[in-house]
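Residues per chain are reported as follows:
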Amino acid sequence: KYQIDSVQNWAPFEHAGITYSLNHLDAHDITYKGEKADYKFVVTYGLHCFAKDLTNWNIPVVYRDGREAKNVCMERYEASKHIRQILHQLPAMSIYQTTAEKYFTLHMMNSATQQVEPYKICIAFFKEKRLLRMHILSAFFARTGPGSEGEAIPNKSVSLFKVAKDTAEKPRNGAIPKEVRNR
């Protein structure tokens, strides 16, 4: 579909006779309409959106991408169904920079504990060939660290349009985060 070096279609997994679809994490594009310019990103997702070892919500299913293998975490899996919808709200959300092209945002929603908790979505913004790219590195309920209950976020927030403009102005063959190459 896209000429990119990331998983574009995640195969379903099976557990206890039930097939779980991951097509909500298939590659897609999203356009953000700004006052001065519109920005179209190709969005891909990483294994850590639905898998993590040693959680209370693991099932005995190991999922592999081209880089690593992790146990499926049903809390992350269920929450991952909301990421696409949350990405449409990014222009109105605070985005915090962590390293060169890596950022995160927080969205409050129900977790497996039935509590409303901060859901942290970690995003890499970069250019691949001529495409503006967003790769969702990870998404999880922030129970420790910056953004968790009672813990301040030391990073200053930036707008999506500032990040998009800066990404668009980068050279065509700049650095691509290693986590993106997961085929």
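Look up: the structure comes first, before these words.
Residues numbered from 1 in each chain as written. Predicted model: local features only at pLDDT ≥ 70, side-chain atom pairs only at ≥ 80, totals over all residues. Heavy atoms only, no water.

All right, on to the overall build of the protein chain then. Helix and strand content of the protein chain: three helices and 11 strands. Ordered by position from the N terminus, the helices and strands of the protein chain form the series β-β-β-β-β-β-α-α-β-β-β-β-β-α. The C-alpha radius of gyration of the protein chain comes to 16 Å, within 12% of the 16 Å expected for a compact globule of 183 residues. Along the longest, intermediate and shortest principal axes, the C-alpha atoms of the protein chain span 50 × 40 × 25 Å. Buried residues in the protein chain amount to 48% of all 183 residues. In the protein chain, once contacts between residues fewer than 6 apart in sequence are set aside, the share between residues at least 24 apart is 57%. Put simply, the protein chain shows about 9500 Å² of open surface, and 49% of that area lies on carbon and sulfur atoms. Within the protein chain, the 19 negative side-chain charges are centred at a point lying 6 Å from the centre of the 26 positive side-chain charges. (Helix = DSSP H or I, 4+ residues; strand = E, 2+ residues; numbered from the N terminus. Rg over C-alpha atoms; globule rule 2.2 N^0.38 Å. Buried < 20%, exposed > 50% of the residue type's maximum accessible area, 1.4 Å probe, protein only. Contact = heavy atoms within 4.5 Å. Areas by Shrake-Rupley, 256 points an atom, 1.4 Å probe, with all protein chains shown as cover. Lys, Arg positive; Asp, Glu negative; His and termini not counted. Charge placed at Lys NZ, Arg CZ, Asp CG, Glu CD.)

With that settled, consider the environment of Gln89. Here Gln89 lies in the loop between helix H2 (83-88) and strand S7 (95-99). A relative accessible area of 31% means that Gln89 is categorised as partly exposed. Remark: the alpha-carbon pair of Gln89 and Gln114, spanning 25 residues in sequence, is separated by 23 Å.

Strands sit in the order S3-S4-S10-S9-S8-S7-S11 across an open sheet of seven strands; the sheet is mixed. Two strands bound the open sheet, and with one partner strand each, they are strand S3 (28-33) and strand S11 (157-158). Summarising the sheet, strand S4 (residues 38-48) and strand S10 (residues 131-141) pair through six bridges and their orientation is parallel. Among the inter-strand pairings, Phe41 is bridged to a residue of S10, identified as Leu132. On top of the sheet, helix H3 (residues 160-168) reaches S3, S4, S7, strand S8 (102-110), strand S9 (116-128), S10 and S11; it is set at about 20° to S9, its chief contact. (Pairing = 2+ DSSP bridges. Axes fitted to C-alpha atoms, helices over the stretch in contact; angles between N-to-C directions.)

Turning to the state of the cysteines, a few remarks are in order. Here, disulfide denotes a covalent bond that connects the sulfur atoms of two cysteines. In this structure the tally under the stated criterion is zero disulfides. Take Cys49: it sits in no disulfide, and the sulfur closest to it among the cysteines is that of Cys122, at 8.8 Å. Among the residues examined, Cys49 registers a relative accessible area of 0% and is labelled buried. No disulfide involves Cys73; its nearest neighbouring cysteine sulfur is the one of Cys49, lying 12 Å away. (Disulfide = S-S within 2.5 Å.)

Let us now look at the pattern of salt bridges. One pass over the structure, following the stated rule, counts 13 salt bridges. Of the charged contacts, one joins Asp38 and Lys33 as a salt bridge, the two residues approaching to 3.5 Å between their closest N and O atoms. Residues joined in a network through salt bridges with shared partners are Asp5, Arg181 and Arg183. (Salt bridge = Lys/Arg side-chain N within 4 Å of Asp/Glu carboxyl O.)

Read these as geometric descriptors, not functional statements.
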